[in-house]
Amino acid sequence: MIFDQWSQLLAPAVQERIVLLINHVLSRESVATERLKPQSGRSLVLSLAGWPSLLPTAPDLVLQVTPAGLFERLETPPADVSLRVELDASNPAAMALGALSGIKPKVTVQGDAALAGEVNWLIENLRWDIADDLAGLVGPMAAQQLARFGEAATAALASLAGVAKGAAGFAARKSS
């Protein structure tokens, strides 16, 4: 119960940071914002399906496309939500490790086909160039080294995730 109360206080701030990051990535690719501009005013709700009950609840992220082709976080979904996107979050650790290794989670989409197509295009084509952002802070050489370290750490975590998944599958087969 205390975790849920804390989660409800923290969730809006975390969601705002997520939206800032999404908009940062979008704003670096003019083709992405141009693709979203015709969807201005449309809304989408991103929810996590199967979220474990032992963890604090994860509220839906409600976004609206702005006239600039970016996203704005809404407190509550409008009556006419254009698109609902549901991510399978039944195993958050596997989902996070999968994201690090480039594995996309199972997604269910309902709603406006045009907006769904644009969101799918964004997911398939946009990547955050962390090294470029770091270069502005620490210089290009240090950014390149940090990016290599990050890639190595990501590869190690992905490998660990594969081992853990294999061990879990083995344990499940052995117990049956």
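Calculation notes
Residues numbered from 1 in each chain as written. Predicted model: local features only at pLDDT ≥ 70, side-chain atom pairs only at ≥ 80, totals over all residues. Heavy atoms only, no water. Helix = DSSP H or I, 4+ residues; strand = E, 2+ residues; numbered from the N terminus. Buried < 20%, exposed > 50% of the residue type's maximum accessible area, 1.4 Å probe, protein only. Contact = heavy atoms within 4.5 Å. Areas by Shrake-Rupley, 256 points an atom, 1.4 Å probe, with all protein chains shown as cover. Core = buried A, V, L, I, M, F, W, Y, C linked by side-chain atoms within 4.5 Å. Patch = residues over 30% accessible without salt bridge, like charges linked within 9 Å, V, L, I, M, F, W, Y side chains within 5 Å. Salt bridge = Lys/Arg side-chain N within 4 Å of Asp/Glu carboxyl O.

Caption draft 1: Local environment of the overall build of the protein. Within the protein, the regular secondary structure consists of six helices and five strands. Secondary structure elements of the protein, listed N to C terminal, follow the sequence α-α-β-β-β-β-α-β-α-α-α. In the protein, which comprises 176 residues, the proportion classed as buried is 22%. Sequence separation of at least 24 residues holds for 67% of the intrachain contacts in the protein that already meet a minimum separation of 6. Here the protein has roughly 11,500 Å² of accessible surface; of this, 63% comes from carbon and sulfur atoms.

Caption draft 2: Spatial organisation of the nonpolar core. Ranked by size, the top nonpolar core spans 16 residues in total, and within it Leu-26, Leu-44, Phe-71 and Leu-122 carry the most contacts. Listed by contribution, the elements that provide at least two residues to this core are helix H1 (2-27), helix H2 (30-36), strand S2 (61-65), strand S4 (83-88) and helix H4 (113-125). Leave out the neighbours within four places in its chain, and Leu-122 touches Leu-26, Ala-32, Leu-36 and Phe-71.

Caption draft 3: Local environment of a nonpolar patch on the surface. On the surface, Leu-10, Val-14, Ile-18 and Ile-22 cluster together into a nonpolar patch covering about 270 Å² of accessible area. Tracing the backbone shows Leu-10 in helix H1. Exposure remark for Leu-10: the relative accessible area of 35% places this residue in the partly exposed category.

Caption draft 4: Looking closely at the environment of Ala-49. Structurally, Ala-49 is set in strand S1 (residues 43-49). Placed 58 residues apart in sequence, Ala-49 and Val-107 show a C-alpha to C-alpha distance of 9.3 Å. Apart from the residues within four sequence positions on either side, Ala-49 is in contact with Glu-86, Leu-87, Asp-88, Ala-89 and Ser-90.

Caption draft 5: Inspection of the pattern of salt bridges at higher detail. Here the structure, examined in full by the defined rule, presents five salt bridges. Linking Arg-73 and Glu-16 is a salt bridge whose minimum nitrogen-to-oxygen distance equals 3.2 Å. A residue pair is termed long-range when its members are at least 10 positions apart, and Arg-73 in strand S3 (residues 71-74) and Glu-16 in helix H1 qualify at 57 residues. Between Glu-34 and Lys-37 there is a salt bridge, and its shortest N-O distance comes to 2.8 Å.

Read these as geometric descriptors, not functional statements.
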